[in-house]
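Chain and residue survey
The primary structure of each chain is shown beneath.
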Amino acid sequence: MSESSTHEISKKELLALTGISYGQLYRWKREGLIPEDWFEKRSAYTGQETFFPREHMLERIKTIQSMKDTYSLSEIREHLEGGKGQPDLRCTLLSIPDMNEAFVESLRITRKDATLSGSSLKAVAVLFSALNKVDAREETKRVLISDTIEALSTPAEMPRKATEMPGVSSEPVTTEVPVDSSGTGAAASAMPADDSSSDALSAAANPSAPASSIDTTISSEKG
Amino acid sequence: MVNPGSFSGVGNMDNGRVDGVISFPGGVYADLNINGVATAEGPIEAADLDIDGVFNARSDVHCQQLKTDGVATVDGNLRAKAINVQGVVTVHGQKIESDRIICDGVLTSDGQISADHIDAQGFINAKEIVGDNISIQSFTRSFFFRMWVKLKEAVGSQDYSVVDLIEATTINLRGVHARTVSGHDITIGPACKIEKVDASGTLSIDSDAEVRQVVNNNA
């Protein structure tokens, strides 16, 4: 067995976990899709072993796998380099299980250079999965996912909290939430009529106040 | 493009064809055809690099196709889409990278050879060989070749490939001495001496091969 810690993964474990071959791994390294300094050779009890930064490597492999059938390796490299090492938003979203290209294309994302941090991507993935489980309408899914991505994505490399993002100030969160004027009725009216969503989705269903609710979701998903 | 006049030595360097004994700076070329004895002082970038004579590159070489019937020495790294070694190629840099390597001569690397496909009937020596499909057949049962090998043994010449680590999806070896061979589907043929074999798929070991340890994850 490998001696991987939680922060790194051995080459053997990586191949077994991701299903990629030696040939793919080395081809992607040659093409610059995987940085050379991610390959760290060390002595292990089994002999010389190569280790990678776990989270970065798994995320990178997932991104490449989601793009390789559509883009050439040099195009993938451009995407990765263009985002300062972060893949573009479309590619990131395609790594979410059950996500498809048609749905990603239908999303209304105004910031084309936006990126999602690892935790934000997980939040979007959780929301997407929840909406699929309750069999939400396509339009509902599109609106909720689009608004969530708008709230969470940032053009900078470092992720920031949704409430600190430019264009998403606290003012719209407090003034647009209709609780003061019409209480829960308005909040309920923000939900699509044919959604039998539970209360767990009601906060996310309100497009006026995604920041604080999703922020809560992120903090509950972390750790 | 390098000004053909900017070389030193006795010879010609016209339209990428190098004759005589010449030293020239690095640069970007379309095709380079080395017939004499040429030294490139800086990094070389070319479409096709054809070596029939003796070529010394003091730095990196980057080309689409490298074909050597002569002798080539690269002090830096070598990167080419396709490499065809009929003569002798020695690379002192950390890596040789290619999509496809054919070697009927002798290819030696001080570092790592990384290629999708390697098809060697000659000899390859390297610290590491990694890739997708690697076939090194440095041994044949032909009587005349075996006599030739014995003659070369007598003069201390090479008769098998020597590699520290071979790692690829599919590996097929004959006449290879290696410390570790790891891959998915591995065939260890005759005249191989391997310290450790690790196959995650299929493994076949010839009765004439020596394998000290087998780590088979497919058990």
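Refer to the structure above for everything that follows.
Below or above, wherever it landed, is the structure these notes cover. Values in this document were obtained by computation on a predicted structure and should not be read as measured data. (Residues numbered from 1 in each chain as written. Chains lettered and ligands numbered in written order. Predicted model: local features only at pLDDT ≥ 70, side-chain atom pairs only at ≥ 80, totals over all residues. Heavy atoms only, no water.)

1. Description of the overall build of chain B
- Assigned secondary structure in chain B consists of one helix and 20 strands.
- Relative to its 219 residues, chain B shows a buried fraction of 49%.
- Summed over its atoms, the accessible surface of chain B is roughly 9700 Å², and 49% of this surface lies on carbon and sulfur atoms. (Helix = DSSP H or I, 4+ residues; strand = E, 2+ residues; numbered from the N terminus. Buried < 20%, exposed > 50% of the residue type's maximum accessible area, 1.4 Å probe, protein only. Areas by Shrake-Rupley, 256 points an atom, 1.4 Å probe, with all protein chains shown as cover.)

2. Points about the packing of helix α1 (residues 11–18) of chain A against helix α3 (residues 54–67) of chain A
All names here are of chain A.
- Following both chains from N to C, one finds α1 and α3 inclined at 40°, their axes separated by 12 Å at the closest point. Classified by the angle between their axes, α1 and α3 sit oblique to one another. Crossing handedness for the pair α1 and α3: right-handed. From α1, E13, L14, L17 and T18 reach across to α3, where they touch R54, M57, L58, I61 and Q65.
- Class assignment of the residues belonging to the contact of α1 with α3 gives a composition of five nonpolar, two polar and two charged. (Axes fitted to C-alpha atoms, helices over the stretch in contact; angles between N-to-C directions. Parallel < 35°, antiparallel > 145°, perpendicular 65-115°, else oblique. Left-handed = near helix turned anticlockwise from the far one by under 90°. Contact = heavy atoms within 4.5 Å. Nonpolar A, V, L, I, M, F, W, Y, C, P; charged D, E, K, R; others polar.)

3. A look at α3 of chain A
- For α3 of chain A, which comprises 14 residues, the first-to-last C-alpha distance of 20 Å matches the rise-based estimate of 20 Å (1.5 Å per residue) to within 8%.
- Those residues of α3 of chain A not exposed but buried are M57, R60, I61, T63, I64, S66 and M67 of chain A. (Expected span 1.5 Å × (residues − 1).)

4. Structural notes on the interface of chain A and chain B
- Tallying the contact residues gives 12 residues for chain A and 22 residues for chain B.
- Among the residues chain A hides against chain B, the three largest losses belong to Y22, Y26 and R30 of chain A. Together they make up 48% of the total.
- There are seven salt bridges connecting chain A and chain B.
- In this structure, K95 of chain B and E36 of chain A form a salt bridge, with 2.9 Å as the shortest nitrogen-oxygen distance.
- On inspection of chain A and its partner chain B, the count reaches 12 residue pairs in polar contact (both at pLDDT 80 or more).
- Elements represented by at least two residues in the side of chain A that touches chain B include exactly α1 and α2 (22–30) of chain A.
- Split by residue class, the side of chain A that touches chain B holds two nonpolar, three polar and seven charged. (Buried area = accessible area lost by both parts, 1.4 Å probe. Salt bridge = Lys/Arg side-chain N within 4 Å of Asp/Glu carboxyl O. Polar contact = N/O pair within 3.5 Å; in protein donor to acceptor, adjacent residues only side chain to side chain.)

5. Let's talk about the side chain of T18 of chain A
- Topologically, T18 of chain A is positioned in helix α1.
- A distance of 2.6 Å separates the side chain of T18 of chain A from the backbone oxygen of L14 of chain A, its partner in a polar contact.

6. So, the environment of D31 of chain B
Residue and element names in this part refer to chain B.
- Positionally, D31 belongs in strand β4 (residues 31–34).
- Distance from D31 to A47, taken between C-alpha atoms, is 5.3 Å for residues 16 residues apart in sequence.
- Here D31 is in contact with G16, A47 and D48, once residues within four sequence places are set aside.
- One polar contact links the side chain of D31 to the main-chain amide nitrogen of D48, over a distance of 3.1 Å.

7. Some words on empty space enclosed by the protein
Residue and element names in this part refer to chain B.
- Overall, the coordinates contain one cavity of 30 Å³ or more when judged by the stated rule.
- Its boundaries defined by the atoms lining it, the largest cavity holds a volume of some 40 Å³.
- Along the walls of the largest cavity sit L49, I51, F55, V61, L66, A72, V74, L78 and V89, which together make up its complete lining.
- Counting only elements with at least two residues in the lining of the largest cavity, the list comes to β6 (44–51), β8 (61–68) and β9 (71–74).
- Residues that form the lining of the largest cavity fall into these classes: nine nonpolar, no polar and no charged. (1 Å grid on protein atoms, 1.4 Å probe; cavity = no way out; pocket = protein on both sides within 12 Å on 5 of 7 lines; lining within 4 Å. Points joined across faces, edges and corners; volume = space filled by probe spheres on them.)

8. Thoughts on α2 of chain A
Residue and element names in this part refer to chain A.
- With eight of nine residues buried, α2 lies mostly within the body of the structure.
- Three or more residues of α2 are buried, namely Y22, G23, Q24, L25, Y26, W28, K29 and R30.
- Phi turns positive one or two residues past the end of α2, at G32, with a value near 80°.

9. A look at the sheet that holds strand β1 (residues 8–10) of chain A
Residues and elements named next belong to chain A.
- What the three strands build is an open sheet, ordered β1-β3-β2; its pairing is antiparallel. Every other strand in the sheet has two partners, leaving β1 and β2 (40–44) as the edge strands with one partner each. Across the sheet, the axes of successive neighbouring strands diverge by a mean angle of 40°, strand direction being ignored.
- Where α1 meets the sheet, its contacts fall on β1 and β3 (47–53), and the angle it forms with β1 comes to roughly 85°. (Pairing = 2+ DSSP bridges.)

10. A few points about the packing of helix α7 (residues 118–133) of chain A against helix α8 (residues 138–152) of chain A
Residue and element names in this part refer to chain A.
- Close contact between α7 and α8 brings their axes to 10 Å; oriented N to C, the two are set at 170°. By the angle between their directions, the pair α7 and α8 is classed as roughly antiparallel. From α7, S120, A123, V124, L127, F128, L131 and N132 reach across to α8, where they touch K141, L144, I145, T148, I149 and L152.
- Tallied by class, the residues present in the contact of α7 with α8 amount to nine nonpolar, three polar and one charged.

11. Overview of the pairing of strand β10 (residues 78–85) of chain B
Residues and elements named next belong to chain B.
- As judged from the seven bridges shared by β8 and β10, these two strands associate in the parallel manner. Note on β10: the bridge partner recorded for V61 is L78.
- The sheet contact formed by β10 and strand β12 (residues 95–103) spans seven bridges and is parallel. Bridging from a neighbouring strand, N84 pairs with I102 of β12.

12. Some remarks on a nonpolar patch on the surface
- Side chains of V21, V37, V54, V71 and V88 of chain B sit close together on the surface and give an oily, nonpolar patch of about 320 Å² of accessible area.
- Position of V54 of chain B relative to the elements: it lies in strand β7 (residues 54–57). (Patch = residues over 30% accessible without salt bridge, like charges linked within 9 Å, V, L, I, M, F, W, Y side chains within 5 Å.)

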